[in-house]
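Take a look at the letters that make up each chain.
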Amino acid sequence: SNFSNTSRVKHKIIFLGDQHVGKTCIIERFMYDVFDEKPHPTVGVDFLAKTLHIDDKSIRLSLWDTAGQERFRSLIPSYLRDATCAVIVFDVTNKESFSNVDRWIKDYKDNRGSEAPCVLVANKIDLKLTREVQLADLEKKAKENNMKFYEISAKTGENVANMFKDMAISLQPVE
Ligand code: GDP
Ligand code: MG
């Protein structure tokens with residue numbers, strides 16, 4: 001209402017990254033606190049939203065889940081238009097998904113400008129025995145690209161809520 005001191009902001013967050021890295025599972029963990037071993041493959045682009053209440057702020061996050069497949073890649077630019085932030089996800093057990101992060105960053109920045117905010121997310125850290133991408137590699141890539149990074153597991157939920165909260169409070173709304 002007009003009498004409330006609550007500030008309201010909205011962020012449009014777009015998830016990018018190769019197929020199977022866990023984008024859909026991360027969003028489902030955050031939205032519903034569940035983990036589905038066999039999520040339906042994302043076709044094109046999906047949309048979900050959740051409002052966080054942090055201190056006296058109400059922060060609405062609209063989450064845009066994309067399909068990493070090549071045949072859907074051309075769809076993505078139209079969804080990037082008014083994004084506040086891109087979450088670029090890779091799978092720590094898949095080196096190729098980590099190498100491809102460079103391409104996802106480039107696609108995003110070509111579209112939104114070199115200063116556009118994006119964060120790097122290392123998913124599946126529960127899979128300790130088959131991990132191929134180490135913290136040092138991740139830190140290096142994040143530093144080179146001036147990105148914040150988070151190590152998370154959609155499966156166990158480790159660090160997922162914290163990541164969304166941190167993004168919610170650190171992003172600047174786009175007018
Ligand atoms: P997307 O294509 O990037 O949306 O990936 P999905 O969310 O569909 O997940 C791909 C596969 O990885 C599924 O079989 C998930 O069960 C699995 N997966 C996703 N996140 C995790 C995680 O944190 N740990 C483990 N062990 N498996 C995960
Ligand atoms: Mg998906």
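Everything that follows concerns the structure shown earlier in this document.
Here the residue numbers are simple positions, counted from 1 along each chain's written sequence. Ligands are numbered from 1 and chains lettered from A, in the order in which they are written. Note on the predicted model: pLDDT of at least 70 is required for a residue's local features to be given, and 80 or more for side-chain atom pairs to be given and counted; whole-chain, interface and lining totals, by contrast, use all residues. Based on all heavy atoms of the structure, the side-chain values leave hydrogens and waters out of the count.

> Describe the sheet that holds strand S1 (residues 7-16), with residues and values.
One open sheet holds the six strands; their spatial order is S2-S3-S1-S4-S5-S6, and the pairing between them is mixed. Across the chains shown, the open sheet's two edge strands, defined by having one partner strand only, are strand S2 (45-54) and strand S6 (148-151). Taking the axes of each pair of neighbouring strands and ignoring which way they run, one obtains an average angle of 25° across the sheet. Across the face of the sheet, helix H5 (residues 101-112) comes into contact with S1, strand S4 (85-91) and strand S5 (118-123) while running at roughly 165° to S4. Here a residue-residue contact requires only that any non-hydrogen atoms of the pair lie within 4.5 Å. All axes here are fitted lines through C-alpha atoms, helices being fitted over the stretch that makes contact, and every angle between N-to-C directions spans 0 to 180 degrees. Strands here are runs of E lasting at least two residues and helices are runs of H or I lasting at least four, both read from the DSSP assignment and numbered beginning at the N terminus. Relative to S2, helix H7 (residues 160-170) is tilted by about 75°, and along the sheet it contacts S1, S2, strand S3 (57-66), S4, S5 and S6. The pairing criterion is simple: DSSP has to find at least two bridges between the two strands.

> Please give an account of the nonpolar core that cites residues and values.
If you look at the biggest cluster of nonpolar residues, it comprises 27 residues, and the most contacted ones within it are Phe164 and Met167. Those elements that provide at least two residues to this core are S1, helix H1 (23-32), S2, S3, S4, S5 and H7. Not counting chain neighbours up to four residues away, the residues in contact with Met167 comprise Ile13, Cys85, Val87, Val119 and Tyr150. What makes a nonpolar core is a set of buried Ala, Val, Leu, Ile, Met, Phe, Trp, Tyr and Cys residues whose side-chain atoms join them at distances within 4.5 Å. Exposure is judged per residue with a 1.4 Å probe applied to protein chains only, and the accessible area is read against the type maximum: over 50% gives exposed, under 20% gives buried, and values in between give partly exposed. Residues Val45, Tyr108, Ala122 and Ala142 belong to the second largest nonpolar core, which totals 25 residues.

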